[in-house]
Amino acid sequence: MSSHMDNLADRGHGDHGHHGHGGGHDHDDDDGAGHGTLKSYFTGFVLAAILTAIPFWLVMDRVFDSSRTTALVILAFAVVQIVVHIVYFLHMDTKSESGWNMLALIFTLVLVVITLSGSIWIMYHLNSNMMPMSTHDMRNMP
Amino acid sequence: MSDTLAPTLPGGTAPPPEPVFYVAGEHHPKNGTLLGFWVYLMSDCLIFACLFATYGVLGRNYAAGPSGADLFDLPLVAVNTSLLLLSSITYGFAMLEMRRNRVGATQLWLAVTGILGLGFLSLELYEFAHLIHQGAGPQRSAFLSSFFTLVGTHGLHVTFGIVWLVTMMIQVQMHGLIPENRRRLMCLSMFWHFLDLIWVGVFTFVYLMGVLP
């Protein structure tokens, strides 16, 4: 809502030129959201490349003996890389679109966490609560 | 939308002395479109979350068929990942050139992005064809059904992203970097980076964790 007001205020002072309105509202400028610079894209790219290379190296060279450790470490790398993508490529911050972007993102993250952890949790328990089945029954499954 | 709000100027500002006309394209409120597109991306994110959850549940149900460790070719996946990551930064370069109003350079970077995207797609299609040829098609096991659904949905997104990219290149060629095209290119930028973001989840959760013993 406040962005509408800003635009209306801009229209009121339209003769002052495009960049005449006070600072702090970068996203009402001519190219809207997503103000990346060459430096930020390069930073993001280098970080993402490193964060991609390390998990591949961990898995392909079998650095850790335990699969569980490897899985947890590469998942952590994935989470960090997703944050890097959001910050450096999607240019998300708490101020873009007056915070509505961030609000939508947080809401989605909550739903994603509920969906993923809930499904996996329930389904693993469901497996152990199934009727016992012998190997013979399993072989003759349709 | 904003026209209907016109009489409700904020209390503090003095009304303009003479009618000031709204010039389309100069103060076009792009926020609405970009925020709306962001909300669409978030809903798309939920689709992928459901597919990831499905894969998480079914990913180890091999039905006595081949497992991820038997099937996945990690060097191929690494090449695919780097193609998509490179296409992400070349799209960023296109956006930077767009901001400098250089049509030719923008088109060039868009073309490079498209070619990298096509490379990604053809490697993925090659992988799929190879799997199906080996008898590891989507009908083989629950693991492969969920694998093809998740990775295939991502591939379909990339396909439509390339269709959109080509459309935008034609639009920019015909009309130049007009505000409408800038807005569309920014939406496509979010879409393209979002696909790269989803791919981070795919190569970690599906490929790397799939080959772990």
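Colleague: Where do I start with the overall build of chain A in this structure?
Modeller: A tally of helices and strands in chain A yields five helices and zero strands. Within chain A, the fraction of its 142 residues that count as buried is 34%. In chain A, of all internal contacts separated by at least 6 residues, the share reaching a separation of at least 24 is 44%. Put simply, chain A shows about 8,900 Å² of open surface, and 69% of that area lies on carbon and sulfur atoms.

Colleague: I tried to follow the pattern of salt bridges on my own but got confused; where do I start?
Modeller: Side-chain pairs of opposite charge can arise whenever the charged atoms involved come near each other. Residue and element names in this part refer to chain B. Applying the stated criterion to the full structure yields two salt bridges over all chains. For arginine 100, the salt bridge is made with glutamate 97, and the minimal N-O distance between the two is 3.3 Å. On the accessibility criterion, glutamate 97 (11% relative accessible area) is buried. Overlapping salt bridges bring together Glu97, Arg100 and Arg102 as one network.

Colleague: Could you clarify how one ought to interpret the packing of aromatic side chains in this entry?
Modeller: How two aromatic rings sit relative to each other is set out by the distance from centre to centre and by the angle between their planes. Residues and elements named next belong to chain B. This structure, assessed with the given rule, holds 22 aromatic pairs over all chains. Here phenylalanine 72 and phenylalanine 147 contribute two aromatic rings whose centre-to-centre distance is 5.2 Å and whose plane-to-plane angle is 35 degrees, an arrangement assigned as tilted. With phenylalanine 72 in the loop between helix H2 (68-71) and helix H3 (74-99) and phenylalanine 147 in helix H5 (residues 142-175), the pair connects residues that are 75 residues apart, well separated along the chain. Comparing phenylalanine 72 with phenylalanine 147 shows no difference in burial state: the two are buried. Ring plane angle 55 degrees and centroid distance 5.7 Å describe the contact between tryptophan 164 and phenylalanine 191, whose orientation is recorded as tilted. Here the residue tryptophan 164 occupies a position in helix H5, and phenylalanine 191 occupies one in helix H6 (residues 179-210), the gap between them amounting to 27 residues. Residue phenylalanine 191 is classed as buried on the basis of its relative accessible area, which comes to 5%. Chaining the aromatic ring pairs together yields one cluster made of Phe52, Tyr55, Tyr62, Phe72, Phe120, Phe128, Phe143, Phe147, Phe148, Trp199, Phe205 and Tyr207.

Colleague: How should I be thinking about the nonpolar core in this particular structure?
Modeller: One recurring pattern in soluble globular proteins is that nonpolar side chains are buried together. Trp38, Phe72, Phe147, Trp199 and Tyr207 of chain B are the most contacted members of the largest nonpolar core, which has 83 residues in total. Of all elements in the fold, only helix H2 (38-60), helix H3 (67-89) and helix H4 (100-128) of chain A together with helix H1 (31-58), H3, helix H4 (103-133), H5 and H6 of chain B reach the threshold of two or more residues within this core. Top contributing element to this core by residue count: H6 of chain B, with 19 residues. In contact with tyrosine 207 of chain B, not counting residues within four places along its chain, are Phe72, Leu74, Val77, Glu127, Phe147, Val151, Trp199 and Val202 of chain B.

Colleague: Would you mind going over H4 of chain B with me for this structure?
Modeller: Residues separated by three or four positions in an α-helix point in the same direction, a consequence of the helix having 3.6 residues per turn. Compared with an ideal rise of 1.5 Å per residue, which puts 31 residues at 45 Å, H4 of chain B spans 44 Å between its outermost C-alpha atoms and is within 8% of the ideal. Just downstream of H4 of chain B, glycine 135 of chain B is the residue with a positive phi angle, here 85 degrees.

Colleague: What should I look at first to understand the state of the cysteines in this one?
Modeller: Each disulfide consists of a covalent bond between the sulfur atoms of two cysteine residues. All names here are of chain B. Scanning the model with the defined rule gives zero disulfides over all chains in all. Here cysteine 50 is not disulfide-linked; the sulfur of cysteine 45 is the nearest cysteine sulfur, at 10 Å. Of the residues examined, cysteine 50 reaches a relative accessible area of 42% and is grouped as partly exposed.

Colleague: Quick question: what am I supposed to make of a nonpolar patch on the surface here?
Modeller: Residues and elements named next belong to chain A. On the surface, a nonpolar cluster with roughly 550 Å² of combined accessible area is contributed by Trp121, Ile122, Met123, Leu126 and Met130. Mapped onto the elements, methionine 123 comes out in helix H4. By relative accessible area, which is 32% here, methionine 123 ends up partly exposed.

Colleague: Honestly, the packing of H4 of chain B against H6 of chain B in this entry has me stumped. Any pointers?
Modeller: When two helices pack together, their arrangement is given by the angle between the helix axes and the distance between those axes. Residue and element names in this part refer to chain B. Relative to each other, H4 and H6 sit at 30 degrees, their axes nearing to 14 Å. Taken together, the axis directions place H4 and H6 in an arrangement best described as roughly parallel. Crossing handedness for the pair H4 and H6: left-handed. In this structure, H4 contributes Leu110, Thr113, Gly117, Phe120, Glu124 and Glu127 to the contact, and H6 contributes Leu185, Trp192, Trp199 and Tyr207. Across the contact of H4 with H6, the residue classes tally to six nonpolar, two polar and two charged.

Reading the values: the criteria
Residues numbered from 1 in each chain as written. Chains lettered and ligands numbered in written order. Predicted model: local features only at pLDDT ≥ 70, side-chain atom pairs only at ≥ 80, totals over all residues. Heavy atoms only, no water. Helix = DSSP H or I, 4+ residues; strand = E, 2+ residues; numbered from the N terminus. Buried < 20%, exposed > 50% of the residue type's maximum accessible area, 1.4 Å probe, protein only. Contact = heavy atoms within 4.5 Å. Areas by Shrake-Rupley, 256 points an atom, 1.4 Å probe, with all protein chains shown as cover. Salt bridge = Lys/Arg side-chain N within 4 Å of Asp/Glu carboxyl O. Phe/Tyr/Trp six-rings, centres within 6.5 Å; stacked < 30°, edge-to-face > 60°. Core = buried A, V, L, I, M, F, W, Y, C linked by side-chain atoms within 4.5 Å. Expected span 1.5 Å × (residues − 1). Disulfide = S-S within 2.5 Å. Patch = residues over 30% accessible without salt bridge, like charges linked within 9 Å, V, L, I, M, F, W, Y side chains within 5 Å. Axes fitted to C-alpha atoms, helices over the stretch in contact; angles between N-to-C directions. Parallel < 35°, antiparallel > 145°, perpendicular 65-115°, else oblique. Left-handed = near helix turned anticlockwise from the far one by under 90°. Nonpolar A, V, L, I, M, F, W, Y, C, P; charged D, E, K, R; others polar.

On their own, these measurements won't tell you what the molecule is for.
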